[in-house]
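What follows is each chain in one-letter form.
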Amino acid sequence: MMSKVLVFGSSGFIGSSTACELLSKGYDVLGCDIEEPTRCTDFNHKTIDVTNYTSVQSIVNKFQPDYIYNFSAIIRTEECRLNSLRANDVNIKGMYNILESCKFVPRLQRLFFPSTVHVYTDTTTTCVEKTTPHMNDPLHLYPASKLICEQLVRSYNLLYGIPYTIFRYGIAYGIGGHHDAVTSVFISKVLNGDSVEIHGNNRRSFMYVTDHVAANIACINESAKNTTINLEGPTNVTMRELLELIMSITEKKVDVIQKEGRVCDYIGCSVSNEHARNTIGWRPRVSLADGIKKMLYG
C-alpha cells in the first residue's frame, strides 16, 4: 500500500517540486494551498487556507496521512515587515493548526517543518544544529516566526508524541523560482544591461532547489526522526561575488550601485551540513555556477 503524503504549501517553489518528486516515487500525494498549483499540476490538489483550523483539521482527518510537509509560509522579509499580522497568521498560526490536527492521526509517521538558517546570528563560528540561536539578539519577523514554530513542533513531540523532522534551509533558487529572488533579479538585470543595487555586504550559500527536494525525501528515513538538520548550499558568497559570477558566465558587465544594508538583513553565517551527511547521506550536488547556468540556459 502506498504511503500517503499531505503537502501544505504545495503550490510554492519547494513545495511543488517536492510533491512532484514524491508522486514520481510512488507516494499517494495530496497538495493543499490557498493558491492553485501552476508549477506542477500532476498531484491532487485542495484549496486550503492554513490559518483556518477547521479547514486544516478536516483535510488532515479525512486524508489520514502517513507524512505531512508544511511549506506554507510568508517567506519574503519585506512582505513580513509590511504585513506582519498576515505573516504571523500564516507562519505561526498555520503551523499551530497543523500540529493540533496531527493529534488525531495515530498513523502519522512524521511531520516535516522547513525552518531557515536565518535563525543563526553567530558570524564568528561555524553553526551546527546544536548551536543555540542568540535568543536575546533581535531577529527579523521571518526567522523569528520560524524559531517559534520550531519550539511548537518540539513541544507537540514532547506532549503528544508527534514525530518530526525540522529542516534549516539555505536559500532556494533555480528554474521556476520566485521572480523577485536575488538570483533571478541579478540574472534579469545583467541580461538587460541594467545597473544592480547591492545593499550592505551580506553573504549567502544558495542551494539549487533539486538539492532541497533530495533532502526532503531522504529525511523520510527513520534516521532523521525527531531531529533538526541543516541543509545549506555548497558555496558561501557575497552579493557582489554572486553578481560577478553571473557576469562572468554571461560575459556581460553592468554597473554596481553600493548601498547601505537594510534593517535586520540576514548578514550570513557559516553553517555546517555535517549532520545531514551523517544522518541521511545528503550533501548539495549542484554547484552555484552550474545552478546559474541551468537558470540561464536550461
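Before reading further, recall that the structure is shown in the block above.
As a starting point, this report considers the structure included with it. Keep in mind that what you see is a predicted model, and the values were worked out from it rather than measured.

**Quick look at the packing of helix H4 (residues 84-102) against helix H5 (residues 141-160)**
Phase 1 of the analysis: Two numbers describe how H4 lies on H5: the axes approach to 10 Å, and their chain directions differ by 15°. Here H5 runs roughly parallel to H4, going by the angle between their axes. As for the relative orientation of H4 and H5, their crossing is right-handed in sense. Mapping the contact onto sequence places Ser84, Asn88, Asn91, Ile92, Met95, Tyr96, Leu99 and Glu100 in H4 and Leu141, Tyr142, Ser145, Ile148, Cys149, Leu152, Val153 and Tyr156 in H5.
Phase 2 of the analysis: Per-class residue counts for the contact of H4 with H5 are eleven nonpolar, four polar and one charged.

**Topic: the nonpolar core**
Looking at soluble globular proteins, one finds that nonpolar side chains tend to be buried together.
Phase 1 of the analysis: In this structure, Leu22, Tyr69, Leu231 and Ile292 are the most contacted members of the largest nonpolar core, which totals 52 residues.
Phase 2 of the analysis: Counting residues per element, this core draws most heavily on helix H8 (residues 239-250), at six residues.
Phase 3 of the analysis: Discounting residues that sit within four places of it in the chain, Tyr69 has contacts with Val5, Leu6, Val7, Phe8, Thr18, Leu22, Phe112, Phe167, Asn216, Ile217 and Ile220.
Phase 4 of the analysis: Counting 31 residues, the second largest nonpolar core, distinct from the first, contains Val50, Val60, Ile74 and Met95.

**Here's the deal with helix H1 (residues 13-24)**
Phase 1 of the analysis: Along its twelve residues, H1 runs 17 Å from first to last C-alpha, staying within 8% of the 16 Å computed at 1.5 Å per residue.
Phase 2 of the analysis: Buried residues of H1: Phe13, Ile14, Gly15, Ser16, Thr18, Ala19, Cys20 and Leu22, and no others.
Phase 3 of the analysis: Gly26, located one to two residues past H1, shows a positive phi value of around 100°.

**Description of the pairing of strand S5 (residues 110-116)**
Phase 1 of the analysis: S5 sits mainly inside the fold: seven of its seven residues count as buried.
Phase 2 of the analysis: Residues of S5 alternate between two faces, with Arg110, Phe112, Pro114 and Thr116 on one and Leu111, Phe113 and Ser115 on the opposite face, all of them buried.
Phase 3 of the analysis: Here strand S4 (residues 67-70) runs beside S5; their pairing, made up of three bridges, is parallel. Bridging from a neighbouring strand, Tyr69 pairs with Phe112 of S5.
Phase 4 of the analysis: As judged from the six bridges shared by S5 and strand S7 (residues 164-169), these two strands associate in the parallel manner. Among the inter-strand pairings, Leu111 is bridged to a residue of S7, identified as Tyr164.

**Notes on the packing of helix H6 (residues 182-192) against H8**
To describe two helices that pack against each other, one gives the angle between their axes and the distance between the axes.
Phase 1 of the analysis: In the contact formed by H6 and H8, the axes pass within 10 Å of each other and the chain directions differ by 45°. The angle between the axes of H6 and H8 places the two elements in the oblique class. Both H6 and H8 take part in a crossing whose hand is right-handed. Along the contact surface, H6 presents Val182, Thr183, Phe186, Ile187, Val190 and Leu191, while H8 presents Met239, Leu242, Leu243, Ile246, Met247 and Thr250.
Phase 2 of the analysis: Taken together, the residues of the contact of H6 with H8 sort by class into ten nonpolar, two polar and no charged.

**Examining unusual backbone geometry**
Phase 1 of the analysis: For Gln64, which is not a glycine, the phi torsion comes out positive at approximately 50°.
Phase 2 of the analysis: Positionally, Gln64 belongs in the loop between helix H2 (53-63) and S4.
Phase 3 of the analysis: Phi at Asn226 takes a positive value of approximately 55°, unusual for a residue other than glycine.
Phase 4 of the analysis: Along the chain, Asn226 turns up in the loop between helix H7 (209-218) and strand S12 (227-231).

Rules and cut-offs
- Residues numbered from 1 in each chain as written.
- Predicted model: local features only at pLDDT ≥ 70, side-chain atom pairs only at ≥ 80, totals over all residues.
- Heavy atoms only, no water.
- Axes fitted to C-alpha atoms, helices over the stretch in contact; angles between N-to-C directions.
- Helix = DSSP H or I, 4+ residues; strand = E, 2+ residues; numbered from the N terminus.
- Parallel < 35°, antiparallel > 145°, perpendicular 65-115°, else oblique.
- Left-handed = near helix turned anticlockwise from the far one by under 90°.
- Contact = heavy atoms within 4.5 Å.
- Nonpolar A, V, L, I, M, F, W, Y, C, P; charged D, E, K, R; others polar.
- Core = buried A, V, L, I, M, F, W, Y, C linked by side-chain atoms within 4.5 Å.
- Buried < 20%, exposed > 50% of the residue type's maximum accessible area, 1.4 Å probe, protein only.
- Expected span 1.5 Å × (residues − 1).
- Pairing = 2+ DSSP bridges.

Interpretation in functional terms is not warranted from these geometric data alone.
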